[in-house]
Amino acid sequence: MVIVGAGIAGLACALRLPEGRRVALVSKGALGESNTRYAQGGLAAAVGADDSPTLHFADTMAAGAGLCDADAVSSLVESGPEAVRWLLAQGTRFDPGEHEQPALGREAAHGRNRVLHAGGDATGAEIERSLVAQIRARPGVTVRERSTALDLLVGDGRCGGVIVQDFATGHVTALRAPVIVLANGGAGQLWAVTSNPPAATGDGVAMAMRAGVAVADLEFTQFHPTVLALPDAPPFLISEAVRGEGAYLRNGRGERFMVATHPLAELAPRDIVARAIQREIAGPNEPYVSLDLRHLDALRMAERFPTIAAHLARYGLDLTRDLLPVAPAAHYFMGGIVAGTAGETSLPGLRAIGEVSCTGVHGANRLASNSLLEGLVFGLNAADHIAGNRLPDLVDVPRAASRYFRPPSAEDVATWRHDLRAAMSLDVAVVRDATGLDRASTSIARLAERMACTDATAPEVAELRNMTLLALVIIAAARRREESRGSHFRSDFPDTAPEMDGQHQLLLTTSDGQRLTYGRLSVALSPRSGTS
Ligand code: SIN
């Protein structure tokens, strides 16, 4: 089988399969360079003495703003403690707390301290380290690093392979397999300012759409409220765990504006904090607000957040002495390929796990630190499901089409990419309205037309095609949802429409990717069975 993506979901899936099972693991960057690696805050699981899956369920459902799939959430939170034990058995070292239990941090909208962390604020890096070490020693697993998946191969109504391109050589291969697992992450790079690494260009969702696979909830992108906003520095996440430890947010007048905004103040749900910050910075003053740790124990903060402190020091900022400039940035894609809790999709033979999938556990607004948990739990589930079923025969799929072998275009891909990201950041951001969405749609559609005239297949062009396709459907989904819910806020429709509770927007494309059909889905999002 083939697993595309080597973050927590793809690695957990590969490692949970019976040893010796032949797996090709495709990683867009060097192994270990996934989005998982940059997760700071941690992994949420109900492992504390005062906690329970029932409480974790309630917080997840509340954050999801009426759009979570209750069965999927139950499956997630109930499997959490067991999945953490699996991770410990792989050699992940979480920070220790009292009585030989892991230390548990607090993040927004969690009613309990339930966020396991490692190296203070280097949780994703530690998880990635431990799983990569295991995978390297694993018999049967072939790793294809610095390679990207271009498209799925479909025949007889099944997915039977994936076309993969090696970045270094440009060589294109069709990998045929009875099961393809997409675990290739999110789409933060569609926006000009993002906490995501460069590989997060929405490839998985775009290739699924081209293969006619159902996708949903595309209008829901989570903007992280506190990403470092220095004019000459790249965006850098300042974990929500910092506010969990008691940091304040202050506006240009020095006021703690969150106190008047929400009873949980700085620990209000992420969408509420992001919008409040956006309101504060919408004025003519500086394009950021400040995170303030000056009242907190300096030694403890330096110990708890060593990665953040070291990063700030590079720019002459002291974590606990300076006011830190922060602003919202695109962070997590709640929409994706409609998938069940073992990754089942609408296309037999294709599974989707982690951020690329839309299982309904995040609804309209993901609860902090539930994403590592989702990748882990449903990655393990997918492996168990695959191992428990007879592998189907290989299907006849068309060989890699010749269009994948044409030479790269001379067009200025960098300018197109810049224009797309600028349009998304201007008009498809924390606050949207019809005028802005239409403007973004027009300019990105023009871009798509220009790209359609090129026959280029250089990896960066393939990536940009994915970004363009995904941007257009995100905008269309945002335009069609005429209400505000969770991370999707329409200033022209500021209220939540009660009749839209539990209503997902489902999008189906024909298998040539040409025709789009929107549908509403008010029942459970996930296909529960029938595919392998
Ligand atoms: C953070 O550390 O603030 C990010 C954690 C998350 O997005 O779940």
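Quick summary incoming for the structure in this document. The structure displayed is predicted, hence computed values, not measured ones.

Parameters at a glance
Residues numbered from 1 in each chain as written. Predicted model: local features only at pLDDT ≥ 70, side-chain atom pairs only at ≥ 80, totals over all residues. Heavy atoms only, no water. Core = buried A, V, L, I, M, F, W, Y, C linked by side-chain atoms within 4.5 Å. Buried < 20%, exposed > 50% of the residue type's maximum accessible area, 1.4 Å probe, protein only. Helix = DSSP H or I, 4+ residues; strand = E, 2+ residues; numbered from the N terminus. Contact = heavy atoms within 4.5 Å. Polar contact = N/O pair within 3.5 Å; in protein donor to acceptor, adjacent residues only side chain to side chain. Salt bridge = Lys/Arg side-chain N within 4 Å of Asp/Glu carboxyl O. Near = heavy atom within 4 Å. Areas by Shrake-Rupley, 256 points an atom, 1.4 Å probe, with all protein chains shown as cover. Nonpolar A, V, L, I, M, F, W, Y, C, P; charged D, E, K, R; others polar. Pairing = 2+ DSSP bridges.

### Here we look at the nonpolar core
Val2, Leu152, Val162, Leu190, Leu218, Met424 and Ile474 are the most contacted members of the largest nonpolar core, which totals 59 residues. Looking at which element gives the most residues to this core, the answer is helix H13 (residues 459-480), with 10 residues. When residues no more than four places from it in sequence are discounted, the contact partners of Leu152 are Cys159, Gly161, Val162, Ile180, Leu182, Met207, Ala208, Ala211 and Leu350. Leu15, Leu31, Ala83 and Trp86 belong to the second largest nonpolar core, which has 48 residues in total.

### As for the side chain of Glu483
Looking at the secondary structure, you find Glu483 in the loop between H13 and strand E20 (489-490). Side chain to side chain, Glu483 and Arg481 meet in a polar contact 2.6 Å long.

### With respect to the pattern of salt bridges
Here the structure, examined in full by the defined rule, presents 30 salt bridges. With its nearest N and O atoms 3.3 Å apart, the salt bridge here joins Arg243 to Glu240. On the criterion of helical spacing, the pair formed by Arg243 and Glu240 is a turn pair, its members being three residues apart in helix H6 (residues 240-244). Ionic pairing is found between Glu245 and Arg300, a salt bridge with its closest N-O pair at 2.5 Å. With Glu245 in the loop between H6 and strand E13 (248-250) and Arg300 in helix H8 (residues 298-304), this pair connects stretches of sequence that are 55 residues apart. Arg300 gets classed as partly exposed once you look at its relative accessible area, which sits at 40%. Each of Glu219, Arg481, Glu483, Arg485 and Asp501 takes part in salt bridges that share partners, so that together they form one network.

### So, the site of the ligand
Neighbouring the ligand are the residues Gln40, Gly41, Glu107, His224, Leu237, Ser239, Glu240, Arg270, His331, Arg366, Ala368 and Ser369. His331 places a side-chain nitrogen or oxygen 2.6 Å from an oxygen atom of the ligand. Between the ligand and Ser369, the relevant distance is 2.6 Å, taken from an oxygen atom to a main-chain nitrogen or oxygen of the residue. Coverage of the ligand by the protein chains reaches 95% of its 260 Å² of free accessible surface. Partitioning the shell around the ligand into residue classes produces two nonpolar, six polar and four charged.

### Points about the pairing of strand E21 (residues 504-509)
E21 sits mainly inside the fold: five of its six residues count as buried. Pairing of strand E11 (residues 215-216) with E21 involves two bridges; the strand directions are antiparallel. Among the inter-strand pairings, Ala216 is bridged to a residue of E21, identified as Leu506.

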